[in-house]
Amino acid sequence: MLEKKTYDKLLGHAFDIPVKVDYWDGTSEVYGEGSPEVEIELRKAIPIKELTSLPTLTLGEAYMNGDIEVRGSLQELVASAYRSVNSFITDNSGFLKYLPKISHSEKKSKQDIQSHYDIGNDFYRLWLDKTMTYSCAYFKDENDTLEQAQKNKVRHVLTKLNPERGKTLVDIGCGWGSVLFMAAEEFGLKATGITLSQEQYDQVKEEIKARGLEGQVDVYLEDYREVEEKFDYATSIGMFEHVGKENLPKYFEQVQKLLVPNGRALIHGITGQHEGVGTDPFLAKYIFPGGYIPNVAENLTNIMNAGLQLTDLEPLRRHYQKTLEIWYQNYSQHIDTVVERYGEPFSRMWSLYLQACAASFEAGNIDVMQYLLVNGTSGQGLPMTREYMYKK
């Protein structure tokens, strides 16, 4: 009875929409005013101490294991929790002390990246678009397909650099090479990719040969901190979230070192617009080991300390929400295949991850930013207005 009263207290303020909870003992409660928009089934009792100290990890594991089922929109349920200022789910005070100290040595960084990206290209092919781009798309029109929106994003990134044909570009954390190939084929650049993922490296090498781009595009399987060459331009998409809080200064210092004087960089990554812990126990354990999401102030401080200057800053929160929603739609069409290959808990884990991330962007809990930087004085080598960014 005492445990049920504690659940009432916790769940009574957890969401800003009416939610029905079906308890393991056959009883039900509706929290909030009006008809329930989402229904949660708790198939077994979850220890209150675990629930309050590590809420996202505890609930995430319970969902993975089938101890919790959600009927209705899981994305809306999570977004509701993020919007609710009194939700125990977003109260970080309880679990800060439980977060492990994370190593970001070159060896550990390689292990972290490979644990996520080396699940296998076949897994990502199930739900990514043909470009195999695993980052926020850019929807110039709300009816753009995911593939078109991903090409829009890469073109938007490269156009912002205002690059001159024949010059050099390095893509830090190059993924499956979408930036490299467009940089070479559309913008006439000599492009170099850096990755720690063996799967991505092998795929890019094959694609270079298939496209006949030997001599114009290359890729290296190495840590970005080992690169010593200088480049006219640098791009880095969805990378700084992997380097860890303690390495953010070094990351931006390395971007500066890779650029020639007055060289330009376009850095694209998930960024908080409020103070927060920057990490999540569930994501750290199951999805992005070693991951850390910095806020805007952190990044700008590190950018300035690295001797770079900011020329343009663009938030793309709504674009990432839509990207994730499409990814989940694609993923949900292949659930049976995922279960067969990887098992039910893995399938539910990724289902939760994609929907919860979409919810986090929907609620403004996180954002994604594009930082246009110059290794010199702001605006150096760029047109006087932003109009050039939208001509392509």
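See the structure printed just above.
What comes next concerns the included structure. (Residues numbered from 1 in each chain as written. Predicted model: local features only at pLDDT ≥ 70, side-chain atom pairs only at ≥ 80, totals over all residues. Heavy atoms only, no water.)

## Brief notes about the overall build of the protein chain
In terms of helices and strands, the protein chain carries 15 helices and 11 strands. Expressed as lengths along the three principal axes of its C-alpha atoms, the size of the protein chain is roughly 70 × 45 × 40 Å. Each of the 392 residues in the protein chain was classed as buried or not, and the buried ones make up 54%. Intrachain contacts of the protein chain at a sequence separation of at least 6 include 72% that bridge at least 24 residues. For the protein chain, the exposed area adds up to about 17500 Å²; of that, 49% sits on carbon and sulfur atoms. Looking at charge distribution, the protein chain has the averaged site of its 42 positive side-chain charges lying 3 Å from that of its 56 negative ones. (Helix = DSSP H or I, 4+ residues; strand = E, 2+ residues; numbered from the N terminus. Buried < 20%, exposed > 50% of the residue type's maximum accessible area, 1.4 Å probe, protein only. Contact = heavy atoms within 4.5 Å. Areas by Shrake-Rupley, 256 points an atom, 1.4 Å probe, with all protein chains shown as cover. Lys, Arg positive; Asp, Glu negative; His and termini not counted. Charge placed at Lys NZ, Arg CZ, Asp CG, Glu CD.)

## Considering the layout of surface pockets
Of the volumes computed, that of the second largest pocket is approximately 320 Å³. Lining the second largest pocket we find 18 residues, and of these Thr131, Gly177, Ser178, Phe181 and Arg211 sit closest to its centre. When contributions to the lining of the second largest pocket are tallied by element, the ones reaching two or more residues are helix H7 (146-160), helix H8 (178-185) and helix H9 (198-211). Class assignment of the residues belonging to the lining of the second largest pocket gives a composition of 5 nonpolar, 6 polar and 7 charged. (1 Å grid on protein atoms, 1.4 Å probe; cavity = no way out; pocket = protein on both sides within 12 Å on 5 of 7 lines; lining within 4 Å. Points joined across faces, edges and corners; volume = space filled by probe spheres on them. Nonpolar A, V, L, I, M, F, W, Y, C, P; charged D, E, K, R; others polar.)

## Let's talk about the sheet that holds strand E2 (residues 28-31)
As summarised here, the arrangement of the 4 strands in space is E2-E1-E3-E4, forming an open sheet in which the pairing is mixed. Edge positions in the sheet fall to E2 and strand E4 (68-71), since each has one partner strand and no second. Strand-to-strand twist across the sheet, computed as the mean angle between neighbouring axes with direction ignored, equals 20°. The sheet contact formed by strand E1 (residues 19-22) and E2 spans 4 bridges and is antiparallel. Its bridge partner lying in E2, lysine 20 is registered against valine 30. (Pairing = 2+ DSSP bridges. Axes fitted to C-alpha atoms, helices over the stretch in contact; angles between N-to-C directions.)

## Points about the packing of aromatic side chains
Scanning all chains against the criterion turns up 30 aromatic pairs. Ring geometry for tyrosine 124 versus tryptophan 176: centroids 5.4 Å apart, planes at 55°, classification tilted. One end of the pair, tyrosine 124, is in helix H6 (residues 121-125); the other, tryptophan 176, is in the loop between strand E5 (168-172) and H8, and 52 residues separate them in sequence. Exposure remark for tyrosine 124: the relative accessible area of 0% places this residue in the buried category. Its end group placed over the ring of phenylalanine 181, arginine 211 keeps NZ or CZ at 4.4 Å from the ring centre. (Phe/Tyr/Trp six-rings, centres within 6.5 Å; stacked < 30°, edge-to-face > 60°. Lys NZ or Arg CZ within 6 Å of the ring centre and 35° of its normal.)

## Section: the environment of proline 55
If you trace the backbone, proline 55 turns up in helix H3 (residues 55-64). The exposure class assigned to proline 55 is buried, which follows from its relative accessible area of 0%. Residues proline 55 and aspartate 280, 225 residues apart in the sequence, show an inter-C-alpha distance of 9.8 Å.

## Describing the state of the cysteines
Tallied over the full model, the rule gives 0 disulfides. The thiol of cysteine 136 is not disulfide-bonded; the next cysteine sulfur, from cysteine 357, is found 12 Å away. (Disulfide = S-S within 2.5 Å.)

## Points about the sheet that holds E5
Taken in spatial order, the 7 strands make up an open sheet running E7-E6-E5-E8-E9-E11-E10, and their pairing is mixed. Sheet topology places strand E7 (217-221) and strand E10 (309-315) at the edges, where each strand pairs with a single neighbour. Between one strand and the next, the sheet's axes are offset by a mean angle of 15°, whatever the strand orientation. Against the sheet, H9 engages strand E6 (190-195) and E7, with an angle of about 160° to E7.

## Some thoughts on the side chain of asparagine 302
With respect to the helices and strands, asparagine 302 occurs in helix H12 (residues 296-305). Aside from chain neighbours lying at most four places away, what touches asparagine 302 is Leu248, Pro249 and Phe252.

## Side note on the pattern of salt bridges
Following the criterion strictly, the structure yields 23 salt bridges and no others. Salt-bridge contacts for arginine 71 lead to glutamate 41; the nearest nitrogen and oxygen are separated by 2.5 Å. Of this pair, arginine 71 sits in strand E4 while glutamate 41 sits in strand E3 (residues 38-42), placing them 30 residues apart in sequence. Residues joined by salt bridges that share partners form a network here, namely Lys20, Asp22, Glu39, Glu41, Arg43, Glu69, Arg71 and Arg348. (Salt bridge = Lys/Arg side-chain N within 4 Å of Asp/Glu carboxyl O.)

## Things to note about the nonpolar core
With 68 residues, the main nonpolar core has Phe15, Trp127, Tyr134 and Trp350 as its most contacted residues. When near neighbours in sequence (up to four residues on either side) are disregarded, tryptophan 127 contacts Tyr134, Leu146, Trp327, Asn330, Tyr331, Trp350 and Leu354. Counting residues in hydrophobic clusters, the runner-up holds 27 residues, among them Ala184, Ala191, Val217 and Tyr233. (Core = buried A, V, L, I, M, F, W, Y, C linked by side-chain atoms within 4.5 Å.)

By themselves, these are just geometric observations and shouldn't be taken as functional.
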